[in-house]
Amino acid sequence: MTHKTSKYAIIVAGGKGLRMGADIPKQFLPVGGKPVLMHTISRFHAYDKDLKVILVLPKEQQAYWQELCKQYHFNEEYQLADGGASRFQSCKNGISMIPTETVGLVGIHDGVRPFVSCETIARCFDTAETSKAVIPVLPVTDTLRFIGDSPSGRNVQRSDYKTVQTPQVFDIQLIKKAYKQEESADFTDDASVVERLGQAVTMVEGNRENIKITTPFDLKVAEVLVIHNS
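As the structure is a computational prediction, the values presented were derived from the model and not from experiment. (Residues numbered from 1 in each chain as written. Predicted model: local features only at pLDDT ≥ 70, side-chain atom pairs only at ≥ 80, totals over all residues. Heavy atoms only, no water.)

Engineer: I'm lost on the side chain of glutamine 62 in this one. Help?
Structural biologist: Note that glutamine 62 resides in helix α2 (residues 59–71). The exposure class of glutamine 62 is buried, given its relative accessible area of 13%. When near neighbours in sequence (up to four residues on either side) are disregarded, glutamine 62 contacts Leu57, Leu80, Ala81 and Asp82. (Helix = DSSP H or I, 4+ residues; strand = E, 2+ residues; numbered from the N terminus. Buried < 20%, exposed > 50% of the residue type's maximum accessible area, 1.4 Å probe, protein only. Contact = heavy atoms within 4.5 Å.)

Dropping the structure here:
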């Protein structure tokens, strides 16, 4: 029996908005006339209208989100999964929504990264067809200083480092196996969970606009990016 190759995106939106200083969680804050999260979901459907989206939201935020969908007439298709106590648990809940025997790829993306380009998404999915685990990265442009145990620290070569973005795209069976592991403090992103299995991760180019909205300054930048992208 052959299985049709499937494509999924799990969009994880568990933020409480504490760094934003807002009462409303950051994924629901309006940018360019609609909530951040709606921009994010739309970006994945712009890449592939048939891609299946799983949105992971804390239970206590789901009713508010559904009210926003009515208010903004947001009708794009997605499945809703319950957020967990940690990002690891939230991702695990999202992954569990994919049927067990599914063959294909899944991208795991931060809900507050609404400006990922279709080109970045395509690079990640296309490369994952053969390499099974892909992350988008950018060069570090700032000078980096390693602190360690030293009070003064020391500069390090920024060419030795990359900044990591999402979506991180994986073979579905690989990521299902990876998330059967016990949660660990060493798991800083989905790639680190997969690497624990001994799987190599391939890097592809991200896009500079693919910022994670976590501060009021980011929100100001986001307003400019909406205009730029329109």
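Engineer: Help me out: how do you make sense of helix α4 (residues 118–131) in this one?
Structural biologist: Owing to its 3.6 residues per turn, the α-helix brings residues three or four apart onto one side. End to end, α4 covers 20 Å across 14 residues, agreeing with the expected 20 Å (1.5 Å per residue, within 8%). Elements that come into contact with the buried residues of α4 comprise β1 (5–12), α1 (36–47), β6 (103–110), β7 (133–139), β11 (168–171) and β12 (202–205). A positive phi of about 75 degrees marks lysine 132, the residue just after α4. (Expected span 1.5 Å × (residues − 1).)

Engineer: Would you take a moment to explain the pairing of strand β5 (residues 79–82) for this structure?
Structural biologist: On any regular strand, side chains alternate: one points to one face of the sheet, the next to the other face. Summarising the sheet, strand β4 (residues 52–57) and β5 pair through four bridges and their orientation is parallel. Its bridge partner being in β5, leucine 55 is matched across the sheet by leucine 80. Running through α2, the crossover from β4 to the neighbouring parallel element β5 is right-handed. (Pairing = 2+ DSSP bridges. Right-handed = clockwise from strand over helix to strand, strands pointing away.)

Engineer: Just checking my understanding: could you explain the UniProt feature "site: Transition state stabilizer" (unreviewed entry) in the chain for this structure?
Structural biologist: Residues given the UniProt feature "site: Transition state stabilizer" (unreviewed entry) here are Arg19 and Lys26. With respect to the element layout, lysine 26 can be found in the loop between β1 and β2 (30–31). Lysine 26 sits in the buried class, given a relative accessible area of 11%. (UniProt positions renumbered as here; feature names shortened; annotations may be inferred.)

Engineer: Looking at this structure, I do not really get the packing of aromatic side chains. What am I missing?
Structural biologist: Any aromatic ring pair is given by two values, namely how distant the centres are and how the planes are angled relative to each other. Tallying each qualifying case throughout the model produces seven aromatic pairs. Summarising the aromatic geometry, the rings of phenylalanine 88 and tyrosine 179 are spaced 4.7 Å apart at their centres and angled 35 degrees between planes, so their arrangement reads as tilted. Placement of the pair is phenylalanine 88 in helix α3 (residues 87–96) and tyrosine 179 in the loop between α5 (172–178) and α6 (190–195), with a sequence separation of 91 residues. Of the residues examined, phenylalanine 88 reaches a relative accessible area of 6% and is grouped as buried. On the accessibility criterion, tyrosine 179 (4% relative accessible area) is buried. Lying over the aromatic face of tyrosine 8, lysine 52 brings its terminal NZ or CZ to 5.4 Å of the ring centre. (Phe/Tyr/Trp six-rings, centres within 6.5 Å; stacked < 30°, edge-to-face > 60°. Lys NZ or Arg CZ within 6 Å of the ring centre and 35° of its normal.)

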